[in-house]
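Inside the fold
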Amino acid sequence: MLTEKQIVFAEGLQEELVEIRRHLHQNPEIGMELPQTVAFVKAKLIEYGYSPQPCGESGITVVAGKKAGKTFLLRGDMDALPIHELTDLPFKSTNEYMHACGHDMHTTMLLGAAKLLKEFEDELDGQVKLLFQPGEEILSGSKVCIENGVLENPKVDAGMMLHVFPFPSLRVGQIIPTPEGTFMASADWFEIKIKGRGGHGSQPETSIDPINVAVHIYTALQELSAREIGSEERFVLTIGEFTGGTPGASNIIPETTVMKGTLRTLKEEVRVQVKERMTAIAENIAKAFRAEAEVVFTNGCTTNVNDPELAGFTKQSLIDTFGAERIVDLPISAPLMGSEDFGEISQLIPTATVLLVASEENINLHNPAIVFDESVLKEGAKVYSDTAISWLKNS
């Protein structure tokens, strides 16, 4: 648990953290290239006494701790979403992107933890590695950081992530250590490209209509959950984009049609099976209609798994620091079918995920009108720091 001095120090960070968060919120960037965000975060870390190191395209790592021992990883994501903000905040986004998933909050909280950990560095029983990660929303950042050695030099023994969340049934500032085992689904983004033969709408017999083929494929894919995968298995297959034809030219049968969507599963064997069947269904239905279909899986990530021992330890440590009344159970059933690319890290080391209630409004993440309560910024810095400090002390 945090000491009284550490708690007082964290409380004193609030004004600075609000300023940081508002800068990040006004200047969101998306994907793997975050030049302004990276420059800002690096400058803050240097100000705090660190020597930031690159981790892939836009990742940043720093290490706190002077004593030999184990290493605990803290991850904060930095990227925003391609959403036009619809809030009335005086510090709303100045471009066409928005931090509608709270990653500006996470980055700010991790900077707060970085400052606290540096201040009390001599007291750390080991090392804390902080990862400021790009590309979470496109499910790419963790993989790139792993490929670039985030879990090495020093070798990471365990880690945790934090995520702000809106819960109308809970109070802002309450903390949710999530349950052990699989907590979030894997995700696979896919594209199904159908190639037919374009022609005049009055003579469909001389063409091969890719829209017709796509509709049959769309319908057949829905049968996977009804007839091929057992009812005890949860998975979600959603087509969210369907593009075909030329705007303003309804008398033309197009040459191609494209469907895009996401697949989310809780077991790797189900994930593999569904992906194989999606490909077979699309290709064979297209062939039956004299067309061609190609299924391409673009981005993806594995399930996010909470290590049982670390999940239990994290919960008890947070109770010791914040009090039992602040620590609550997840008010919705787990596992969640949403995804988190921290799952890639959770497959390699023991990890835990903690949620922090940052809104009591009935507005979900990724909504252009969502507003997060800034009073939790210092609380997030404490949650990050508490987990790392306590784990090192007890390992």
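None of the values given here were measured: they were computed from a predicted structure.

Some words on the overall build of the protein
- Secondary structure assignment for the protein yields 11 helices and 15 strands.
- Across its three principal axes, the protein shows a C-alpha extent of roughly 80 × 45 × 40 Å.
- Among the 395 residues that make up the protein, the fraction classed as buried is 54%.
- Considering only residue pairs separated by 6 or more positions, the protein has 83% of its internal contacts joining residues 24 or more positions apart.
- Accessible surface, the protein: about 16,700 Å² in total, of which carbon and sulfur atoms supply 50%.
- In the protein, which carries 34 positive and 56 negative side-chain charges, the distance between the mean positions of the two groups comes to 2 Å.

Details of the side chain of R271
- Along the chain, R271 falls in helix α8 (residues 268–288).
- Owing to a relative accessible area of 9%, R271 belongs among the buried residues under this scheme.

Structural notes on the UniProt feature "binding site: Mn(2+)" (unreviewed entry) in the protein
- Within this numbering scheme, the UniProt entry marks C101, H103, E137, H163 and H366 as carrying the feature "binding site: Mn(2+)" (unreviewed entry). Taken along the chain, the residues just named run across 266 residues; in space they keep tight, none of their C-alpha pairs more than 13.1 Å apart.
- Within the fold, H103 resides in helix α4 (residues 103–119).
- When you line up the elements, H163 lands in strand β5 (residues 158–166).
- Apart from residues lying up to four places away in sequence, H163 is in contact with C101, H103, H106, E340, V354, L355, L356 and L365.

Focus on the sheet that holds strand β4 (residues 127–133)
- Strand order in the open sheet made by the 7 strands is β1-β2-β4-β3-β5-β15-β6, with mixed pairing throughout. Both outer strands of the open sheet, β1 (53–55) and β6 (175–177), are each paired with one neighbouring strand and no more. For this sheet, the mean angle separating the axes of adjacent strands, direction not counted, is 25°.
- Relative to strand β15 (residues 351–359), β6 runs antiparallel, the two sharing 3 bridges. If you follow P177 over to β15, its bridge partner there is V354.
- Strand contacts of helix α9 (residues 308–322): β3 (71–77), β5, β6 and β15, with the helix running at about 45° to β15, the strand carrying the most contacts.
- On top of the sheet, helix α11 (residues 377–394) reaches β3, β4, β5, β6 and β15; it is set at about 160° to β3, its chief contact.

Let's talk about the environment of D209
- By the secondary structure assignment, D209 is in the loop between β9 (199–200) and α6 (210–221).
- Counting along the chain gives 37 residues from D209 to T246, while the straight-line C-alpha distance between them is 13 Å.
- For D209, the residues in contact, after removing those within four places along its chain, are I253 and P254.
- In this structure the side chain of D209 is engaged in a polar contact, spanning 2.9 Å, whose partner is the backbone nitrogen of I211.

Focus: the domain arrangement of the protein
- You can read the domains of the protein as domain 1 (4–184 + 304–394) and domain 2 (186–301).
- If you average the C-alpha positions of domain 1 and of domain 2, the two centres end up 36 Å apart.
- Contact with domain 1, which involves 16 residues of that partner, is made by 11 residues of domain 2.
- Across the domain 1-domain 2 interface, the total number found is 0 salt bridges.
- Taken together, the links from domain 1 to domain 2 amount to 5 residue pairs in polar contact (both at pLDDT 80 or more).
- Classifying every residue of the side of domain 1 that touches domain 2 by side-chain character gives 7 nonpolar, 4 polar and 5 charged.

Quick notes on the UniProt feature "domain: Peptidase M20 dimerisation" (unreviewed entry) in the protein
- The positions UniProt marks with the feature "domain: Peptidase M20 dimerisation" (unreviewed entry) are residues 188–287.
- Structurally, residues 188–287 comprises 38% helix and 32% strand, and the distance from its first C-alpha atom to its last is 25 Å.

Here's the deal with the packing of helix α1 (residues 4–11) against α11
- Put simply, α1 and α11 touch, their axes get as near as 9 Å, and they point 150° apart. Between α1 and α11, the crossing angle belongs to the class labelled roughly antiparallel. Relative to α11, α1 is oriented so that their crossing is right-handed. Along its contact with α1, which presents Q6, I7, A10 and E11, the element α11 presents K378, E379, K382 and I389.

What to know about the environment of L2
- Mapped onto the secondary structure, L2 falls in the segment before α1.
- C-alpha of L2 to C-alpha of A64: the two residues are 62 residues apart in sequence and 16 Å apart in space.
- L2 has contacts with I7, T321, K382, S385, D386 and I389, leaving out every residue within four places of it along the chain.

A word on a nonpolar patch on the surface
- On the surface, a nonpolar cluster with roughly 250 Å² of combined accessible area is contributed by V215, Y218 and F242.
- By the element assignment, Y218 lies in helix α6.

Some details on helix α2 (residues 14–26)
- Across its 13 residues, α2 extends 18 Å between first and last C-alpha, which sits within 8% of the 18 Å expected from 1.5 Å per residue.
- Listed in full, the buried residues belonging to α2 are Q14, E16, L17, V18, I20, R21, L24 and H25.

Quick look at the pairing of strand β12 (residues 256–265)
- Looking at chain direction, strand β8 (residues 186–195) and β12 are connected through 10 bridges and run antiparallel. Its bridge partner being in β12, F190 is matched across the sheet by G261.
- Here strand β10 (residues 235–244) runs beside β12; their pairing, made up of 9 bridges, is antiparallel. Residue V236 lies in a different strand from β12, and its bridge partner there is R264.

Parameters and conventions
- Residues numbered from 1 in each chain as written.
- Predicted model: local features only at pLDDT ≥ 70, side-chain atom pairs only at ≥ 80, totals over all residues.
- Heavy atoms only, no water.
- Helix = DSSP H or I, 4+ residues; strand = E, 2+ residues; numbered from the N terminus.
- Buried < 20%, exposed > 50% of the residue type's maximum accessible area, 1.4 Å probe, protein only.
- Contact = heavy atoms within 4.5 Å.
- Areas by Shrake-Rupley, 256 points an atom, 1.4 Å probe, with all protein chains shown as cover.
- Lys, Arg positive; Asp, Glu negative; His and termini not counted.
- Charge placed at Lys NZ, Arg CZ, Asp CG, Glu CD.
- UniProt positions renumbered as here; feature names shortened; annotations may be inferred.
- Pairing = 2+ DSSP bridges.
- Axes fitted to C-alpha atoms, helices over the stretch in contact; angles between N-to-C directions.
- Polar contact = N/O pair within 3.5 Å; in protein donor to acceptor, adjacent residues only side chain to side chain.
- Domains from an automatic or database assignment.
- Salt bridge = Lys/Arg side-chain N within 4 Å of Asp/Glu carboxyl O.
- Nonpolar A, V, L, I, M, F, W, Y, C, P; charged D, E, K, R; others polar.
- Parallel < 35°, antiparallel > 145°, perpendicular 65-115°, else oblique.
- Left-handed = near helix turned anticlockwise from the far one by under 90°.
- Patch = residues over 30% accessible without salt bridge, like charges linked within 9 Å, V, L, I, M, F, W, Y side chains within 5 Å.
- Expected span 1.5 Å × (residues − 1).

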